[in-house]
Each structure stands twice: as C-alpha cells, then as structure tokens.
Amino acid sequence: MKKFFLLIALFIAGGQLPAQNYPDRAHNPRPVREKTQPGKVLATGLDIGLNIGTAHSLADIGGTRNSARILFLDAQWQATGMNLGLYARYRFSPIFAFAAEISHATIKGADKYSPSTSSRYNRGYSFENNIYEFAVKGEFYLPARYNHLPVDFFAFAGLGLISHNPVLTGAVAYQPDPFNKLQPVIPLGIGVHHTFAGNLRLGYRLGWRKTFTDHLDALSTQNSNGNDSYFFNSLSVGYFFSK
C-alpha cells in the first residue's frame, strides 16, 4: 500500500515539472507587440490668413555682380520691397491642398547698388513697380512617413495673373517699348507651417514667380538675360478650420 501512494506522489511531482521549469509561460505571457504607425495623420480642412514679408526683383536693373547670377543670389537686398496678401487654403488629404491668394507687392532695383566695376553702375537707372497678383496653387506635402516633426513641409506650384506699372528713373531718358501691364506668372516655391493649440497656424514660405515679360523694371535691352522675375519671403498667420 505504501508503494502505491509513493508511485502516486512521484506521478504528481512529475506532472508539475514543466510548470516549474517554464514559469513565465504560465504566469507571465509574452506581451503582444503593437503595430507601429507609419507616421502621424495630418488634419484636413480649411485655413485662411494673412501673408506679410519682403519682395525682391530679379531684373535688368540691379544685380550684385558684374554678370547676372541665378535667382536669389542676384537679389539686391538694399532695394527690398514689401509684400502683403490674403490666402485661403483647403487641404483635401494629408499630401495635397489647393490654395488661392491675392497679394500686393512693391519691387525695386537700382544700378547704384551694383558693383562699381559693372556696366550697370554708371548707367544710373532705378525703378519701382507696384504689383497686384492673384494666384491659385497646388500644395504638395511631405508624407507623414518621412516627417516626424510637429510641422508640415510643402512645395507649391500654380498659375497667376499680375497687374503691374513700373516707374523708371535715371539720368538718361529712356522710352520703353510698349508692353502689356497684365501678365501671367507661374508661382513656384516651398513652405512650412505649424498649427498650435486653438488652431492658430504660423508659417513661412519662399516663393519665386516666373514671368513672361522683360518689363518688370520697364527696361529691355539687347543685353538682357531673358525675362524678369521676382520672389517673396513671407510669414503667414492664419486660423485652421478642421473637418
């Protein structure tokens, strides 16, 4: 009889061995890993606001070297003008938005700010041009999987129409060729913005305007290096109405 109870005790002890050798399986199951998100999902909706900043000409009058340079490198910062505008933007998806904007800007240039060794310096011309611009643009946002910062980065391109009226002054009288004061433009640029608590949105954008005229400065000569252009540095303040 004692042998019988001894066999039962050994059997029970043997049945408990796996639980003793692998206690975590019985009492501490392996945690289930949560799937990581590819990135934040950015809100869609409407925002409206104000742009304010500087305006710069890239024209035949001005320049910072003896020969013209590409885009922003040739801007005369001493002849900086101002731009002011209103915008409305609707974001359809995390990566695309449509925007409309109306702006007023003053661009300027002066030969006296060019190097004294350049042919422009002794020419002595200066100009000022008030530009009224309406533009519609598509904005393309950096996808969330590549952006882990609390800001939105985007690039934009669009179509616009300007009304402009340059005023040219100088020691030597110059009679410009006839030109149309209404001109199409192509806005191109990049920007960034951040939406704060309370849906306040602050941003910055750098936008260049390709034009199809050589008369933003009212001066067109045989030595011109193509059509004139201009660009904006703008800060934006707006309010975001989420869906």
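Conventions we followed
- Each residue is numbered by its place in its chain's sequence as written, counting from 1.
- Side-chain atom pairs in this predicted model are given and counted only at pLDDT of 80 or more, local residue features only at pLDDT of at least 70, and totals for whole chains, interfaces and linings cover all residues.
- Note that water and hydrogens are dropped before the side-chain values are worked out from all heavy atoms of the structure.
- Note on ring pairs: Phe, Tyr and Trp rings are taken, using the six-membered ring of Trp, and paired if centres are within 6.5 Å. Classes follow the plane angle, with under 30 degrees stacked, over 60 edge-to-face and the rest tilted.
- Only protein chains enter the accessibility calculation, which uses a 1.4 Å probe; a residue is then buried when its area is under 20% of its type maximum, exposed when over 50%, and partly exposed in between.
- Criterion for a charge above a ring: Arg CZ or Lys NZ at most 6 Å from the ring centre, at most 35 degrees from the ring normal.
- Helix and strand labels come from DSSP, where a helix needs a run of H or I of at least four residues and a strand needs a run of E of at least two; each type is numbered from the N terminus.
- Should any heavy atoms of two residues lie within 4.5 Å, those residues are considered in contact.
- Residues adjacent in sequence count toward polar contacts only when both atoms are side-chain atoms; beyond that, a polar contact is any pair of N or O atoms within 3.5 Å, and within protein one must be able to donate a hydrogen and the other to accept it.

How should the packing of aromatic side chains be read in this particular structure?
In this description, a pair of aromatic rings is defined by centroid distance and the angle of the planes. One pass over the full model with this rule turns up 8 aromatic pairs. Ring plane angle 50° and centroid distance 5.5 Å describe the contact between Y230 and F232, whose orientation is recorded as tilted. Both residues of the pair, Y230 and F232, belong to the buried class. Of the aromatic side chains, those joined through ring pairs into one cluster are Y90, F92, F96 and F140. Its end group placed over the ring of F154, R89 keeps NZ or CZ at 5.7 Å from the ring centre. Over the face of the ring belonging to F240 we find R201, whose NZ or CZ atom lies 4.3 Å from the ring centre.

Looking at this structure, how should I read unusual backbone geometry?
Most peptide bonds take the trans form, and the phi angle of most residues other than glycine is negative. Unusually for a residue other than glycine, N199 sits at a positive phi of about 70°. Tracing the sequence through the fold places N199 in the loop between β6 (182-195) and β7 (200-211). Positioned with a positive phi, A218 is a non-glycine residue whose angle comes to about 70°.

Looking at this model, I keep getting lost on the environment of T169. Mind explaining?
Residue placement: T169 occurs in strand β5 (residues 152-169). With a relative accessible area of 42%, T169 lands in the partly exposed category. When the C-alpha atoms of T169 and Y125 are compared, they prove to be 5.7 Å apart, with 44 residues separating the residues in sequence. Filtering out sequence-adjacent residues up to four positions away, T169 remains in contact with G124, Y125 and S126. Among the polar contacts listed, one links the side chain of T169 to the side chain of S126, at a separation of 2.7 Å.

Read these as geometric descriptors, not functional statements.
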